[in-house]
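Report on the structure
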Amino acid sequence: MLSELSQWFWQERLWFPKGLGWADLEDREGRVYAKAGDLWVALPIALVFLIVRQIFERTVATPLASLLGVKETERLRAPPNPTLESYYCTVTKNPTQVSVVNLCKQTGCSERQVQRWFRRRRNQDRPSLLKKFREASWRFTFYLLAFIAGLAALIDKPWLYDLKEMWQGFPVLTLLPSQYWYYMIELGFYGSLLFSVASDVKRKDFKEQIVHHVATILLISFSWCVNYIRAGTLIMLVHDSSDYLLESAKMFNYAGWRNACNYIFIVFAGVFIVTRLVIFPFRIIYCTWVYPVTIYEPFFGYYFFNGLLMVLQSLHILWAVLIIRIAVRFLTNNEKVDDERSDKDETDETDEEEDEEVRKSRQKNGPLQNGHAVHNNNHSKAE
């Protein structure tokens, strides 16, 4: 069964144009070609990234956070309550009004006390500013180094300037050492992101992030197997060109450096729009969708590869809408740049309103005791 499935999966007609096959990618005459078995190297690299990340966050990111003045907000903890805790963990974190009334009967608390407990309990589960800063600084470091390394590896390559060169001699394209390590490191990094997704900061586009990571891993792996390596390196370079700007804006945002965050974000928005909404679809996808069919007949791999690119482009459009919305709000109203995907802390607004009412009542009637004014029956020393 497995043997038959393997034979079907590796059929040459699925992976190559008509007349070409795996035999064309066998090493010979000193030429080395990409092989599917090479992708296993990305697994230990992913594990190394997970270890290095832990070391980096403790030895570099945490001191950097202190240096930049990242301050934790003090969160009021929900008082111990076994009944509410059980409901929170097993039923829902956001009870309906009917559920709140039932919980009031079970615990003897008022509705306001139950609602306040759930707000504070949800805040306890939200990631701290330090955790967010450490994650952003790790990604910033990788994306910046990856962009520099990718640019250094491609700066002297003809297909960086003339995209048609991506397909000259396809699929018999010799693998370069720089391409090998660029691919393995990028694949290992995205593999590590997929492994750590459960512990990373979860944002509102969590599902989209999972789709992005899976599509990226499939795209890198498939392009490696069918020797779409030149196209793959260009795609990775385009993506890395703006990501480090976003992560640096997040770092300054968490540190409270509003102006630095805002202006870096505007630069990021410009780079993102140019690279993801102009260069990526109208240059790279055009040259992977239109130009190859002038050289060979379309095959399954051709449609699969371009299908993955379209998935990425759909995500780019989704994120571009969010980015433009934030940028316009800042440019027109000078508002603070905030990540709309982030889950913000809830404030005890009802508590604050209650405290304000008590304060006003004290100013008007004097001290309160159990909601009533306390009359001063003490006499002065003069009396």
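Thresholds applied
Residues numbered from 1 in each chain as written. Predicted model: local features only at pLDDT ≥ 70, side-chain atom pairs only at ≥ 80, totals over all residues. Heavy atoms only, no water. 1 Å grid on protein atoms, 1.4 Å probe; cavity = no way out; pocket = protein on both sides within 12 Å on 5 of 7 lines; lining within 4 Å. Points joined across faces, edges and corners; volume = space filled by probe spheres on them. Helix = DSSP H or I, 4+ residues; strand = E, 2+ residues; numbered from the N terminus. Nonpolar A, V, L, I, M, F, W, Y, C, P; charged D, E, K, R; others polar. Buried < 20%, exposed > 50% of the residue type's maximum accessible area, 1.4 Å probe, protein only. Expected span 1.5 Å × (residues − 1). Axes fitted to C-alpha atoms, helices over the stretch in contact; angles between N-to-C directions. Parallel < 35°, antiparallel > 145°, perpendicular 65-115°, else oblique. Left-handed = near helix turned anticlockwise from the far one by under 90°. Contact = heavy atoms within 4.5 Å. Phe/Tyr/Trp six-rings, centres within 6.5 Å; stacked < 30°, edge-to-face > 60°. Core = buried A, V, L, I, M, F, W, Y, C linked by side-chain atoms within 4.5 Å. Patch = residues over 30% accessible without salt bridge, like charges linked within 9 Å, V, L, I, M, F, W, Y side chains within 5 Å. Areas by Shrake-Rupley, 256 points an atom, 1.4 Å probe, with all protein chains shown as cover. Salt bridge = Lys/Arg side-chain N within 4 Å of Asp/Glu carboxyl O.

A closer look at empty space enclosed by the protein
Taken as a whole, this structure holds two cavities of 30 Å³ or more when the rule is applied. Approximately 130 Å³ is the volume attributed to the largest cavity. Lining the largest cavity are 15 residues, with Thr216, Leu219, Ile220, Ile235 and Met236 positioned closest to its centre. The set of elements that each furnish at least two residues to the lining of the largest cavity consists of helix 8 (177-195), helix 9 (206-225), helix 10 (229-255) and helix 12 (300-333). Of the residues that constitute the lining of the largest cavity, the class distribution is eight nonpolar, five polar and two charged.

Regarding unusual backbone geometry
One non-glycine residue, Asn227, lies in positive phi territory at about 65°. Its location among the elements puts Asn227 in the loop between helix 9 and helix 10. Asn227 sits in the buried class, given a relative accessible area of 2%.

Some points on helix 10
Relative to the 39 Å expected for 27 residues at 1.5 Å per residue, helix 10 spans 39 Å between its end C-alpha atoms, a close match to the ideal helical length. When you tally the buried positions in helix 10, you get 26 out of 27 residues, the bulk of the element. In the segment just after helix 10, Gly256 is the residue with positive phi, at about 85°.

Here we look at the packing of helix 8 against helix 10
Running from N to C, helix 8 and helix 10 point in directions that differ by 55°, and their axes come no closer than 11 Å. With respect to helix 10, the axis of helix 8 lies oblique. Between helix 8 and helix 10 lies a crossing whose hand is left-handed. Of helix 10, the residues touching helix 8 (which contributes Gln179, Tyr182, Tyr183, Glu186 and Tyr190) are Ile229, Arg230, Gly232, Thr233, Met236, Leu237, Asp240 and Asp243.

Digging into helix 6 (residues 111-125)
Across its 15 residues, helix 6 extends 22 Å between first and last C-alpha, which sits within 8% of the 21 Å expected from 1.5 Å per residue. Buried residues of helix 6: Val114, Arg116, Trp117, Phe118, Arg119, Arg120, Arg121, Arg122 and Asn123, and no others.

With respect to the packing of aromatic side chains
The full count for this structure, using the stated rule, is 27 aromatic pairs. Here the aromatic residues Phe49, Phe56, Trp138, Phe142, Tyr143, Phe189 and Tyr190 are joined through ring pairs into a cluster of three or more.

Some remarks on the layout of surface pockets
Its volume calculated, the second largest pocket comes out at about 590 Å³. Contributing to the lining of the second largest pocket are 24 residues, with Leu39, Ile217, Leu218, Ser221 and Phe222 lying nearest its centre. Put simply, the parts of the chain that give the lining of the second largest pocket at least two residues each are helix 1 (2-9), helix 2 (12-15), helix 3 (42-68), helix 8, helix 9 and helix 12. In the lining of the second largest pocket, the residues fall into 21 nonpolar, three polar and no charged.

Here's the deal with the nonpolar core
By size, the foremost hydrophobic cluster in this structure holds 76 residues, and its most contacted members are Met166, Phe189, Trp224, Tyr228, Phe265 and Phe305. Those elements giving two or more residues to this core turn out to be helix 2, helix 3, helix 7 (129-154), helix 8, helix 9, helix 10, helix 11 (258-289) and helix 12. Tallying contributions element by element places helix 12 first for this core, with 12 residues. With 10 residues, the next largest nonpolar core counts Ala78, Leu103, Cys104 and Val114 among its residues.

Things to note about a nonpolar patch on the surface
On the surface, a cluster of nonpolar side chains totalling about 430 Å² of accessible area is made up of Leu5, Trp8, Phe9 and Trp10. Among the secondary structure elements, Trp10 is positioned in the loop between helix 1 and helix 2. Judged by its relative accessible area of 32%, Trp10 falls in the partly exposed class.

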